[in-house]
Structures are given as C-alpha cells and as structure tokens.
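One-letter residues, chain by chain:
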Amino acid sequence: MKSRLSIENIKKAFDNIDPVFLNTPQFICDSLSEILNCKVILKVETLNPIRCFKGRSAFNYVSNLKEGSTLVCASAGNLGQAVAYACSKKI
C-alpha cells in the first residue's frame, strides 16, 4: 500500500491552507515540562476563525475536490465548522 504522506503532499497541502491557519502561536508550558521532565509546547488553536485545529485539513480536503463535486459533512462540531468555512472561502 502506498502512503499518502510525502514531502510533496505536505508542500501541496501548505499551499492549499488559508493563511489564517498558519503560524499558530506556540508556548512552552514550564509547569507541565517540569512535571513530565521534557519540553511541552502548547499551540493556541483558539485564535483562528473556527477556534480549532481542523481548519488546515478541511482546507486541504476542500481544495482538492473536483469542480462540481458534492460534499456532505455530517457534523455540526469542529469538523463541520471547518468544512463550512473552507467551502465558503473556495467560492
């Protein structure tokens, strides 16, 4: 089975993703780092328009749909919001 994970696919995905989902702020969490004896880095995903991390994958998926495709998303949660946002930007 051929893997879809490749540097080429990562570069294509980067080009497809709305810039509002790029450069997510990250912070070292000193208290957890000390407890776990390793560096713990937290990403602040709540600063993007849909307040979650699913925007990147939704944008990549929607941008790869063929023109005229029908998309049904059976979610009203984070994934549903991400897909709706991606579709609204693709128009």
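Everything below is about the structure shown above.
This report concerns the structure included in the present document. Being a predicted model, the structure only gives us computed values, none of them experimental.

Procedures and definitions
Residues numbered from 1 in each chain as written. Predicted model: local features only at pLDDT ≥ 70, side-chain atom pairs only at ≥ 80, totals over all residues. Heavy atoms only, no water. Helix = DSSP H or I, 4+ residues; strand = E, 2+ residues; numbered from the N terminus. Contact = heavy atoms within 4.5 Å. Buried < 20%, exposed > 50% of the residue type's maximum accessible area, 1.4 Å probe, protein only. Arc of directions from axis to C-beta. Salt bridge = Lys/Arg side-chain N within 4 Å of Asp/Glu carboxyl O. Patch = residues over 30% accessible without salt bridge, like charges linked within 9 Å, V, L, I, M, F, W, Y side chains within 5 Å. Areas by Shrake-Rupley, 256 points an atom, 1.4 Å probe, with all protein chains shown as cover. Lys, Arg positive; Asp, Glu negative; His and termini not counted. Polar contact = N/O pair within 3.5 Å; in protein donor to acceptor, adjacent residues only side chain to side chain.

## What about the side chain of Arg-56?
Considering the arrangement of structural elements, one finds Arg-56 in helix H3 (residues 55-63). Contact partners of Arg-56, with chain neighbours within four places excluded, come to Ile-17, Phe-21, Thr-24, Lys-43 and Glu-45.

## Re H3
Looking only at H3, the buried set comprises Gly-55, Arg-56, Ala-58, Phe-59 and Val-62. Taken down its axis, H3 places every buried residue within 165 degrees of arc, on the same side.

## Describing the pattern of salt bridges
Applying the stated criterion across every chain yields a total of three salt bridges. Where Glu-45 meets Lys-43, a salt bridge forms, and the shortest distance between an N and an O atom there is 3.4 Å. Lys-43 gets classed as partly exposed once you look at its relative accessible area, which sits at 43%. Ionic pairing is found between Glu-45 and Arg-56, a salt bridge with its closest N-O pair at 2.5 Å. A residue pair is termed long-range when its members are at least 10 positions apart, and Glu-45 in the loop between strand S2 (41-43) and H3 and Arg-56 in helix H3 qualify at eleven residues. The exposure class of Glu-45 is buried, given its relative accessible area of 13%. One connected set of salt bridges, linked through shared partners, spans Lys-43, Glu-45 and Arg-56.

## Details of a nonpolar patch on the surface
There is a patch of nonpolar side chains on the surface, built from Leu-32, Ile-35, Leu-36 and Leu-42 and spanning about 380 Å² of accessible area. Looking at the nonpolar patch, the element that brings in the most residues is helix H2 (residues 30-36), giving three residues. Take Ile-35: it is sitting in helix H2. Looking at Ile-35, the relative accessible area reads 66%, which means it is exposed.

## Digging into the side chain of Asp-18
With respect to the helices and strands, Asp-18 occurs in the loop between helix H1 (7-16) and strand S1 (26-28). It is Lys-89 that comes nearest to the buried, bridge-free Asp-18 among opposite-charge side chains, at 4.9 Å. Within the structure, Asp-18 has its side chain in polar contact with the backbone nitrogen of Val-20 (distance 2.9 Å). For Asp-18, the contacting residues outside a window of four places in its chain are Phe-59, Tyr-85 and Lys-89.

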